[in-house]
Amino acid sequence: MMASPAERDTEAAAILAANDRGGFSVPTKGLYPFQWNWDSAFAAMGYAHASGERAVQELQSLVAGQWPNGMIPHIIFHRPDPGYFPGPEVWETAMTPPTSGITQPPVLAIAIAALADRGVLAGERLADLLEAADRSHAFFFEARRDPATNVVGVVHPWESGRDNMPDWDDALAAVDASKVKPFVRRDTSHIDAAMRPTKEQYERYIALVEFGIAVGWDQRRIMVEGPFFVGDPGIAAVLVRAERELQRLARTIGRDDLGGNVDVRLPALCDGLEALWSDALGAYTTLDLRTGKRGEAVSSASFLPFAAGVVDAAQTERLNAHFDRLAARCRYMVPSYDPDAPTFDEKRYWRGPVWLVVNWLIALGLAETGDAARAERVRGDSRALVEAGGFYEYFSPLTGAPLGGADFTWTAAAWLDFAR
Ligand code: 2M8
């Protein structure tokens, strides 16, 4: 049902309030009952529209889960909830508060910058959050960067945030799941199984968790010896942008010590991102760091390097050609996977549907490179999706049908801060 922008504003604020668990948000009631890493960073930018204090709290509660090695885990289990699998008893990380054992795209510094620029985050609290971001970026550099290529990769598809994107298929299929004990998924009791990853994929997701447990969650061993390590243009591009934001803010507040390591890390990270450019495809794509195989189709992550400020003129031309081809095929940009690929699936999670938070970062990058028209296509489509369909987890790029969980925190935040 089509709602007016003002009605959607009210609904978005109500969703953020309803998903507030007292200082941290859950992505949505039922399906995801804990705090998720990149969801929270986007949520903070949404909360800032109602309360700067609440926005700052969201980031503080996120960094409360940071590990001694600097990793900010992908889930923080502040309170038990039987409604999600795998919960803390499966991860066995022995952290306080209990957490998962992997990370997610480091949107944190981007959110810190947004709050600081709005004037709701300053002084000691800003410095403390920047320090947490710096330690998290150092973790990526040490434990998620292939030293030979400088490519930043993920050790689990869940780390990418784009869980079942087809580019992970081959590397995931090679993971041995024969010893995984039987388990009961909870996601398919909340959502139609046709919109979620398959059973075979879930078994391998759990096999990767069991590998982490077997090596005592030694994050370098997981990168070097683990069964899955794939270069990810999504996480690599977000990290480069996050490093730039960290450096800018550290300089602004006269704390060069906090941004000092960026000088060392950034050139390597930019080289690593360039190593994810596929000339055959004319786009950034994944690179399996065990086998050397590159992803063969564009995904929404192919357009994220615009926000990292690394795309040259020749690359822009080739990415624009893909963008325009996708834009002609899809009523709503940006599909999470190439609709011309045989593995595209209009409804299945990260294999095709549009996600507003990815659109948010893509549009930001396009606008910064001076491409107002394509940026506006992405923003306008995002707005139209919510106006017609509400605050769903994801949407069909072909019809705009709302999919996945309802009343979603980051979709509400994306509406308030980007799409409307
Ligand atoms: C989805 O991932 C979780 C695992 O982390 C799941 O399916 O159980 C992804 O869309 C991820 O990007 C997101 O952060 C999370 C919570 O919204 O859900």
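In this convention, every chain numbers its residues from 1, walking through the sequence in written order. Local features are withheld for residues below a pLDDT of 70 in this predicted model, meaning they are given only at 70 or higher, and side-chain atom pairs are given and counted only at 80 or more; totals for whole chains, interfaces and linings count all residues.

**Examining the overall build of the protein**
Tallying secondary structure elements over the protein gives 18 helices and nine strands in all. Here the protein has a C-alpha radius of gyration of 20 Å; the compact-globule value for 420 residues is 22 Å, and the two agree. For the protein, the spread of C-alpha atoms along the three principal axes comes to 50 × 50 × 45 Å. Every one of the 420 residues in the protein was classed for burial, and the buried ones make up 55%. Strands are runs of DSSP state E lasting at least 2 residues, helices are runs of H or I lasting at least 4, and numbering of each runs from the N terminus. Atoms considered for the radius of gyration are the C-alpha atoms alone. The globule rule reads 2.2 Å times the number of residues to the power 0.38. The burial criterion counts other C-beta atoms lying within 10 Å of a residue's C-beta, which is placed from the backbone; the residue is buried at 20 or more, exposed at 12 or fewer, and partly exposed between these limits.

**Here's the deal with the sheet that holds strand β3 (residues 153-154)**
When DSSP finds at least two bridges between two strands, those strands are taken to pair. An order of β3-β4-β7 is seen for the three strands of this open sheet, with the pairing classed as antiparallel. Where the open sheet ends on each side, the last strands, each with one partner, are β3 and β7 (287-288). With two bridges joining them, β3 and strand β4 (residues 230-231) adopt antiparallel strand pairing. Bridge assignment links Gly-153 to a residue of β4, and that residue is Gly-231.

**Section: helix α6 (residues 123-143)**
Given a rise of 1.5 Å per residue, 21 residues ought to cover 30 Å, and the 30 Å separating the end C-alpha atoms of α6 matches this to within 8%. Burial in α6 covers these residues: Leu-126, Leu-129, Leu-130, Ala-132, Ala-133, Asp-134, Ser-136, His-137, Phe-139, Phe-140 and Phe-141. Looking at the packing, one finds that the buried side of α6 touches α3 (52-63), α5 (108-118), α12 (233-252), α13 (256-259) and α14 (262-274). How far a helix is expected to stretch is found by multiplying one less than its residue total by 1.5 Å. Each residue is represented by a C-beta atom placed from its backbone, and any two residues with such atoms within 7 Å are regarded as in contact.

**Notes on the packing of helix α2 (residues 37-47) against α3**
When two helices pack together, their arrangement is given by the angle between the helix axes and the distance between those axes. For every element, the axis is a line fit to its C-alpha atoms; helices are fit only across the contacting stretch, and the angle between N-to-C directions ranges from 0 to 180 degrees. Across the interface, α2 lies against α3 with an axial gap of 7 Å and an inter-helix angle of 165°. Put simply, α2 runs roughly antiparallel to α3. Classified by chirality, the crossing of α3 by α2 is left-handed. On the side of α2, the interface is formed by Asn-37, Ser-40, Ala-43, Ala-44 and Tyr-47, while α3 contributes Arg-54, Ala-55, Glu-58, Leu-59 and Leu-62. Roughly parallel refers to an angle under 35 degrees, roughly antiparallel to one over 145, roughly perpendicular to one between 65 and 115, and oblique to any angle outside these ranges. For any helix crossing, the convention is left-handed if the near helix is rotated counterclockwise from the far helix by under a right angle, and right-handed if that rotation is clockwise.

**Re the UniProt feature "domain: Mannosylglycerate hydrolase MGH1-like glycoside hydrolase" (unreviewed entry) in the protein**
Under the feature "domain: Mannosylglycerate hydrolase MGH1-like glycoside hydrolase" (unreviewed entry), the UniProt entry names residues 32-411. Strand forms 5% of residues 32-411 and helix 48%; the C-alpha atoms that close the span are 14 Å apart. UniProt positions are given in the numbering used here, feature names are shortened, and annotations may be inferred rather than shown by experiment.

**Here we look at the site of the ligand**
Being near a molecule or strand means, for a residue, that its C-beta atom, positioned from the backbone, comes within 6 Å of it. The environment of the ligand is formed by Pro-27, Tyr-32, Trp-36, Trp-38, Asp-39, His-74, Trp-158, Gly-161, Asp-163 and Asp-187. Throughout this entry, Asp, Glu, Lys and Arg are counted as charged residues, while Ala, Val, Leu, Ile, Met, Phe, Trp, Tyr, Cys and Pro are counted as nonpolar. The remaining residues, Gly among them, count as polar. Classifying every residue of the shell around the ligand gives five nonpolar, two polar and three charged.

**Brief notes about the nonpolar core**
Counting 133 residues, the largest nonpolar core has Leu-108, Ala-111 and Ile-112 as the members making the most contacts within it. Discounting residues that sit within four places of it in the chain, Leu-108 has contacts with Ala-41, Leu-59, Leu-62, Ile-72, Ala-133, Ser-136 and Ala-242. Note on terminology: a nonpolar core is any set of buried Ala, Val, Leu, Ile, Met, Phe, Trp, Tyr and Cys residues joined through C-beta atoms within 7 Å.

**Some words on the packing of α6 against α12**
At a closest axis distance of 11 Å, the pairing of α6 and α12 adopts a crossing angle of 145°. As for how α6 packs across α12, the hand of that crossing is left-handed. Contacts from Leu-130, Ala-133, Asp-134, His-137 and Phe-140 in α6 reach Leu-239, Ala-242, Glu-243, Leu-246, Leu-249 and Ala-250 in α12. In terms of residue class, the contact of α6 with α12 is built from eight nonpolar, one polar and two charged.

**Some remarks on α14**
Two residues of an α-helix separated by three or four positions point the same way, owing to the 3.6 residues in each turn. Between the first and last C-alpha of α14 there are 18 Å, a value that for 13 residues agrees with the 18 Å anticipated at 1.5 Å per step. Among the residues of α14, those classed as buried are Val-262, Arg-265, Leu-269, Gly-272 and Leu-273. In an axial view of α14, the angular spread of the buried residues amounts to 95°, which keeps them on one side of the axis. Exposed and oriented more than 90 degrees from the buried face of α14 are Asp-263, Val-264 and Pro-267. At its buried positions, α14 is contacted by α6, α12 and α13. Arc definition: directions from the helix axis to the C-beta atoms.

**Section: unusual backbone geometry**
Pro-86 follows Phe-85 through a cis peptide bond whose omega is 0°. Its location among the elements puts Pro-86 in the loop between β2 (75-76) and α4 (88-91). Look at the link from Met-333 to Val-334: it is a cis peptide, with omega at 5°. Looking at where Val-334 falls in the secondary structure, it is placed in the loop between α15 (313-329) and α16 (356-368). A positive phi angle, near 65°, is found at Tyr-349, a position not held by glycine. Mapped onto the secondary structure, Tyr-349 falls in the loop between α15 and α16.

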